[in-house]
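# Descriptive analysis of the structure
Here's the letter readout for the chains.
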Amino acid sequence: PDALAPHSVPLASRDLARSRVRTQPYTYPLALSFLRFCRRRWRVEALHALDHRCLFARDLGLKNPGSVVMIFTDDEITPLVIVSVPFLGGIIALGMVAVLMVRVRKAPNGQGEQLFIAEQISTGATSFLVTEYSYLAPFVACVAAFIVGILESQDDTPTYLVNGNYFSSTKKGGWQTMMCFVTGAVLSASAGWAGMKVATQTNVKTMEAARSGLNQALQIAFAGGAVMGFSVVAFGILGLSVLFYIFATAQSGSTATGSPNGTLSGSDLDMRDAIRYLSGFGFGASSIALFARVAGGIYTKAADVGADLVGKVESDIPEDDPRNPATVADNVGDNVGDVAGMGADLFESFVGSIIACAALSSDNRELALPFWISGFGILAATIGFWTVSTKDDASQSELLHALHRGVYSASILVIVFAIACVEMLFEGSKVGYRYFGCIIIGLVAGILIGEATEYCTSYAYAPVKSITHAGSAGGAATVIIQGLGIGMISVFPPTIVICATVLACYNVAGAGTSGLYGISISAVGMLSTLGVTLATDAYGPVADNAGGIAEMSAGVPDEVRERTDKLDALGNTTAATGKGFAIGSAVLTALSLMNAYVKDVPYACMDSSGVNTRCLASAMSLTDAYVLTGVIFGAMLPFLFAALTMLSVRKAAGAIIVEVQRQFRDIPGLLEGKEGVKCDHMACVKMCTKASINEMLIPGILAVMTPIAVGLLVGAKCLGGLLGGAIASGFMLAVMMSNAGGAWDNSKKYIENENTYGGKKSNTHKACVVGDTVGDPFKDTSGPALNILIKLMTIFSLTMAPVFRSDWKTWWYGVIVLVVEIIFVSAAYWYVWIKNADQTPVSTEGAKE
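Residues numbered from 1 in each chain as written. Predicted model: local features only at pLDDT ≥ 70, side-chain atom pairs only at ≥ 80, totals over all residues. Heavy atoms only, no water.

## Focus: the overall build of the protein chain
- Per the secondary structure count, the protein chain includes 26 helices and six strands.
- Burial analysis of the protein chain (849 residues in total) assigns 62% to the buried set.
- If you take every contact in the protein chain between residues at least 6 apart in sequence, the share linking residues at least 24 apart comes to 83%.
- With the model as given, the accessible surface of the protein chain reaches about 30200 Å², and the carbon-plus-sulfur share is 63%. (Helix = DSSP H or I, 4+ residues; strand = E, 2+ residues; numbered from the N terminus. Buried < 20%, exposed > 50% of the residue type's maximum accessible area, 1.4 Å probe, protein only. Contact = heavy atoms within 4.5 Å. Areas by Shrake-Rupley, 256 points an atom, 1.4 Å probe, with all protein chains shown as cover.)

## A few points about the packing of aromatic side chains
- Summed over the entire model, instances satisfying the criterion amount to 21 aromatic pairs.
- Note on Phe-281 and Phe-347: the rings are 6.3 Å apart at their centroids and 35 degrees apart in plane angle, and the pair reads as tilted. Remark: Phe-347 occurs in helix α9 (residues 327-359) and Phe-281 occurs in helix α8 (residues 266-314); sequence separation between them is 66 residues. Pair check on accessibility: Phe-281 and Phe-347 agree, each one buried.
- Counting every residue linked through ring pairs, the aromatic cluster contains Phe-222, Phe-230, Phe-385 and Trp-386. (Phe/Tyr/Trp six-rings, centres within 6.5 Å; stacked < 30°, edge-to-face > 60°.)

## What to know about the environment of Ala-329
- Relative to the helices and strands, Ala-329 is located in helix α9.
- Between the alpha carbons of Ala-329 and Met-687 there is a distance of 9.2 Å; along the sequence they are 358 residues apart.
- If sequence neighbours within four positions are ignored, Ala-329 has contacts with Tyr-299, Ala-303, Cys-684, Val-685 and Cys-688.

## Concerning the packing of helix α4 (residues 79-106) against helix α6 (residues 174-209)
- Contact pair α4 / α6: the axes reach a minimum separation of 9 Å and the direction vectors enclose 35 degrees. Crossing of α4 against α6: the hand is left-handed. Along the contact surface, α4 presents Met-101, Val-104 and Arg-105, while α6 presents Val-198, Gln-201, Thr-202 and Lys-205. (Axes fitted to C-alpha atoms, helices over the stretch in contact; angles between N-to-C directions. Left-handed = near helix turned anticlockwise from the far one by under 90°.)

## Some thoughts on a nonpolar patch on the surface
- Among the surface-exposed residues, Phe-87, Leu-88, Ile-91, Leu-94, Val-242 and Ile-246 lie close enough to one another that they form a single nonpolar patch of about 500 Å² accessible area.
- Mapped by element, the contributors of at least two residues to the nonpolar patch are α4 and α7 (214-249).
- Counting residues per element, the nonpolar patch draws most heavily on α4, which supplies four residues.
- With respect to the helices, strands and loops of the structure, Ile-246 is situated in helix α7.
- Exposure remark for Ile-246: the relative accessible area of 43% places this residue in the partly exposed category. (Patch = residues over 30% accessible without salt bridge, like charges linked within 9 Å, V, L, I, M, F, W, Y side chains within 5 Å. Salt bridge = Lys/Arg side-chain N within 4 Å of Asp/Glu carboxyl O.)

## Some points on the side chain of Ser-353
- Position of Ser-353 among the secondary structure elements: in helix α9.
- Taking the relative accessible area as the measure of exposure, Ser-353 reaches 1% and is therefore buried.
- Sequence-distant contacts of Ser-353, defined by excluding residues within four places in its chain, comprise Ala-523, Val-524, Leu-527 and Thr-589.

## Observations regarding the nonpolar core
- Phe-230, Phe-244, Trp-372, Tyr-597 and Phe-804 are the most contacted members of the largest nonpolar core, which has 254 residues in total.
- Top contributing element to this core by residue count: α8, with 23 residues.
- Setting aside anything within four residues of it in sequence, one finds Phe-804 in contact with Tyr-597, Val-601, Pro-602, Ile-708, Gly-711, Leu-712, Ala-716, Leu-719 and Ser-797. (Core = buried A, V, L, I, M, F, W, Y, C linked by side-chain atoms within 4.5 Å.)

## Focus: the pattern of salt bridges
- Tallying each qualifying case throughout the model produces 21 salt bridges.
- Two residues, Glu-659 and Arg-662, come together in a salt bridge whose shortest N-O distance is 2.8 Å. Placement of the pair is Glu-659 and Arg-662 together in helix α20 (residues 625-666), with a separation of three residues, close to one helical turn.
- With relative accessibility at 10%, the residue Glu-659 sits in the buried group.
- One connected set of salt bridges, linked through shared partners, spans Lys-301, Asp-304, Asp-745, Lys-748, Lys-749, Asp-772, Asp-776, Lys-779 and Asp-780.

## What about the packing of helix α14 (residues 476-489) against helix α24 (residues 763-799)?
- At their nearest, the axes of α14 and α24 sit 8 Å apart, and the two run at 40 degrees to each other. Viewed along their axes, α14 and α24 adopt a mutual orientation that is oblique. Here the hand of the crossing between α14 and α24 comes out right-handed. Between α14 and α24, the contacting residues are Ala-476, Val-479, Ile-480 and Leu-484 on the first element and Ala-767, Cys-768, Val-770, Gly-771, Val-774 and Phe-778 on the second. (Parallel < 35°, antiparallel > 145°, perpendicular 65-115°, else oblique.)

## Details of α7
- With 36 residues, α7 should reach 52 Å at 1.5 Å per residue; the first-to-last C-alpha distance of 52 Å fits that figure.
- Most of α7 sits inside the fold, with 30 of its 36 residues counted as buried. (Expected span 1.5 Å × (residues − 1).)

## Thoughts on the confidence of the model for the protein chain
- On average, residues of the protein chain carry a pLDDT of 81, and 86% of them reach 70 or more.
- Segment residues 1-32 is flagged for pLDDT under 50; beyond a separation of four residues in sequence, or across chains, it makes 44 contacts in the model.
- Overall, residues 843-849 carries pLDDT values under 50, and its contacts beyond four positions in sequence, including any with other chains, amount to seven contacts. (pLDDT = per-residue confidence, 0-100.)

Written as structure tokens, this is what we have:
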């Protein structure tokens with residue numbers, strides 16, 4: 001110990017580090033960080049003799065004295081180091097979920113009729129998820145069997161391109177990928193279940209808290225929404241970390257010899273295999289997200305459109321009026337669509353961005369970075385959550401600022417933690433700070449897309465006000481025209497942001513493969529604060545439900561409804577902003593997954609050195625007929641998908657309209673509001689559940705089977721073009737539909753909340769109600785579902801990448817898949833559109849007016 005004098009580290013600090021390393025091996029990464037701090041603080045590197053530094057290292061019980069100079073050598077970045085930070089982050093998120101659930105459960109429920117209404121909403125939401133998951137269970141089983149069959153039937157094992165050399169895996173990976181797929185599906189469904197159950201418990205508590213004040217109601221509603229946010233990041237990061245660690249350590253791979261030269265250690269080869277298997281985890285999450293988003297969106301908008309057309313337009317009764325049989329189904333839809341659906345959507349983006357980034361990494365430092373950023377992001381989101389509060393007489397801008405404070409605080413903390421990651425993983429090198437710049441760009445891009453969405457959809461700004469003005473001048477037709485125009489022009493800002501992000505990250509990271517990695521790490525940065533970002537979005541349905549319960553409950557004071565209306569209006573803005581954020585993150589994630597797909601496909605072609613088995617990127621020329629065909633076909637798919645979901649909403653809404661009209665006609669005194677006369681809310685709930693589950697079949701089949709059919713039938717080039725075309729057109733269409741729908745919705749809210757243009761029941765208000773009705777499936781069904789479409793197709797293509805080859809090489813397998821797809825679509829079409837044909841409403845004169 002005295003050999004280090006006069007610059008020796010204090011004895012107590014040295015002994016502490018030594019004891020920790022020897023008795024608690026999991027603190028090894030932290031001990032290495034401590035060493036670097038000691039080196040800087042007590043200037044150990046200034047010693048004249050190298051032996052002194054080595055003695056210092058050995059005194060701490062470290063095997064490699066060189067670790068004093070660098071926090072981690074390449075060999076020291078083991079699977080344990082990679083998962084240490086994200087695993088701890090996941091534990092923190094689970095702790096937050098537990099704390100928030102206790103906080104929500106302690107809040108009072110109130111008493112009387114409001115409890116009965118809340119119980120109906122909770123029962124309806126639970127019934128929907130149970131029915132949906134019963135349909136998804138056989139789907140997951142069939143796809144799991146398909147993954148095992150097609151991956152295990154490969155002639156050769158996959159190869160990896162590392163530092164210009166090709167290394168062959170010893171495992172085909174079918175069973176491992178299947179295990180990850182099932183786990184991803186189960187965890188995604190579990191996150192949606194947990195978030196929705198708490199949200200349906202929180203709505204009545206929020207209404208009861210509104211009796212005490214606006215801040216109390218905001219705190220309870222935000223806590224309920226945050227359960228969804230932290231459940232998503234907890235289940236996602238823990239699932240990835242545990243599976244990665246198991247597959248990276250339990251396989252005991254041997255050192256691989258590369259072609260043309262070089263070696264890759266067994267540990268590194270196992271980590272590459274583990275990342276390949278994790279693409280199945282992302283695909284499982286995508287599958288659940290697709291059906292949760294599509295079925296949930298159809299459910300909520302069928303109920304909403306049916307309730308609005310018969311209630312507000314045809315019968316001239318208020319929104320959420322207890323006489324309307326569809327109001328409970330409408331409130332159930334808010335939970336299954338905007339809580340469980342949005343949670344599943346962003347769960348897939350969250351895990352997909354990490355998987356894509358890890359798949360594009362060229363060394364273990366790059367492999368660890370997305371895991372660490374996501375883990376530290378959970379800590380930042382946790383701190384950001386506790387900064388959200390407001391005052392009782394807060395305005396809309398003050399309420400919005402309160403939620404923004406949580407997101408912006410978390411973003412600033414992520415920047416600080418990202419610096420720590422770069423310092424520890426990259427020794428503060430230039431390369432590390434290039435990636436740090438990409439993380440910053442991703443964070444800023446997410447904020448800018450949210451701000452652009454808010455400008456186009458909030459009635460505080462000119463675009464939405466122009467729609468209301470158009471309604472005052474020309475009625476419903478001009479509302480539709482103006483709203484479509486606003487939606488189309490709203491595509492411009494996020495497109496510029498995404499394009500600038502891609503170009504900036506590619507060049508900041510150093511172009512080439514490093515540039516592609518830079519794009520993927522920007523997506524991880526954008527989603528790093530998802531815990532609090534999703535909380536601000538999931539809070540909206542809770543507030544909306546609270547307002548609905550207050551409206552349907554007798555004897556509720558006017559100030560309670562006023563407070564819940566304020567929270568509901570804020571929720572509309574945060575929901576629109578959340579959809580913009582979800583779309584932007586989906587595009588960056590899908591682009592990263594597509595790049596990973598191009599990298600991993602064993603597309604063979606000849607070059608000057610012989611056969612090159614990794615040349616898909618250079619083969620995908622824009623002048624190639626196969627690529628162009630794929631681009632055009634892929635650009636069509638989002639329109640087909642959106643059309644199917646829109647038609648499904650119309651068909652399901654028609655059934656609800658018929659049921660509501662029947663009850664108004666057959667239950668004496670219901671429409672007149674006679675005391676003691678009650679409608680049958682649960683009849684509409686059951687109809688919406690059945691219709692939404694049936695209607696999701698055709699879009700789901702097309703989304704899952706089309707990529708594999710094209711990739712096997714035509715080839716990897718055509719599939720690459722398809723993915724590019726689908727991402728481009730899907731992005732534009734999703735932004736247009738989501739923003740147009742949000743603008744139509746808030747043009748109506750502008751009249752109701754600000755009492756402009758004659759207020760409620762004026763002609764302008766009726767025109768804007770029609771616009772809002774048209775916009776409902778735009779913003780809550782078709783637009784958000786396109787996020788899932790582009791991510792699902794890219795993650796499935798990445799999962800199946802080892803089986804794709806050059807043009808027409810596997811056409812026979814493609815024909816089989818295509819025939820099966822046609823049979824499934826035909827059977828689903830007969831069942832949904834012929835056997836269960838829609839019913840015709842008794843009268844639509846009110847809707848036409």
